[in-house]
Amino acid sequence: MLAYAGLGLAAETNEKIKETFETLVEKGKKADAEGKNLVGDFFKTVDSTKEDFETEFNKNKEKLEEKFPIIKELEEKINKTKEEVTSKINDTKADLTEKAKSAKTELTDKVKETKEDITKKVENLTKSNKEANVAE
């Protein structure tokens, strides 16, 4: 009888643990979904705020440019200078890359020539030593 009571208690405890676990899983799913919604809403708010800011900034910029035409001229000069500098940097980079490739090729060729020269000299010395040993 005591054994049956123990089995009944174990079965009941198992059921309560399963129910509690399932409840926690459901709460976790809800929290996960709510968290995703909060993050999504946050980024939507950030995007719309950014768009509002950019619109307002452009309006104020246009007003300033109307009052002070030199601002637009300066901006155009800055953009032109930026493009020129970027172009020069790209040209210099391409030139340096080409020079580096050329220098690498020349150095590789010189190393090969030197290796071949040293190999020939070693072969000649080895040949001379063998001939000297044979003559003795």
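Up top is the structure these notes are about.
As the structure is a prediction and not an experimental result, all values here were calculated from the model.

A. Quick look at the overall build of the protein. On a plain count of helices and strands, the protein comes out with two helices and zero strands. Counting the 136 residues in the protein, one finds 1% classified as buried. Summed over its atoms, the accessible surface of the protein is roughly 13,000 Å², and 60% of this surface lies on carbon and sulfur atoms.

B. Region of interest: the packing of aromatic side chains. In this structure the tally under the stated criterion is one aromatic pair. Ring geometry for Phe53 versus Phe57: centroids 6.3 Å apart, planes at 25°, classification stacked. Here Phe53 and its partner Phe57 are both found in helix α1 (residues 2–67), four residues apart, which amounts to about one turn of the helix.

C. Just the pattern of salt bridges, in detail. Taken as a whole and assessed by the stated rule, the structure comprises three salt bridges. With a closest N to O distance of 3.5 Å, Lys121 and Asp117 form a salt bridge. A residue pair is termed a helical-turn pair when its members lie 3 or 4 positions apart in one helix, as Lys121 and Asp117 do in helix α2 (residues 69–135) at four residues. According to the relative accessible area criterion, Asp117 is partly exposed, its value standing at 39%.

D. Seen up close, the side chain of Glu65. If you trace the backbone, Glu65 turns up in helix α1. Within the buried set, Glu65 has no salt-bridge partner at all; the shortest N-O distance to an opposite charge, 4.2 Å, is to Lys61. If we ignore the near neighbours within four places in the chain, the residues touching Glu65 are Ile71, Lys72 and Glu75.

E. Seen up close, a negative patch on the surface. A surface patch of negative charge is lined by Asp47, Glu51, Asp52, Glu54 and Glu56. You can see Glu56 is positioned in helix α1. You can call Glu56 partly exposed: its relative accessible area is 42%.

Definitions and cut-offs
Residues numbered from 1 in each chain as written. Predicted model: local features only at pLDDT ≥ 70, side-chain atom pairs only at ≥ 80, totals over all residues. Heavy atoms only, no water. Helix = DSSP H or I, 4+ residues; strand = E, 2+ residues; numbered from the N terminus. Buried < 20%, exposed > 50% of the residue type's maximum accessible area, 1.4 Å probe, protein only. Areas by Shrake-Rupley, 256 points an atom, 1.4 Å probe, with all protein chains shown as cover. Phe/Tyr/Trp six-rings, centres within 6.5 Å; stacked < 30°, edge-to-face > 60°. Salt bridge = Lys/Arg side-chain N within 4 Å of Asp/Glu carboxyl O. Lys, Arg positive; Asp, Glu negative; His and termini not counted. Contact = heavy atoms within 4.5 Å. Patch = residues over 30% accessible without salt bridge, like charges linked within 9 Å, V, L, I, M, F, W, Y side chains within 5 Å. Charge placed at Lys NZ, Arg CZ, Asp CG, Glu CD.

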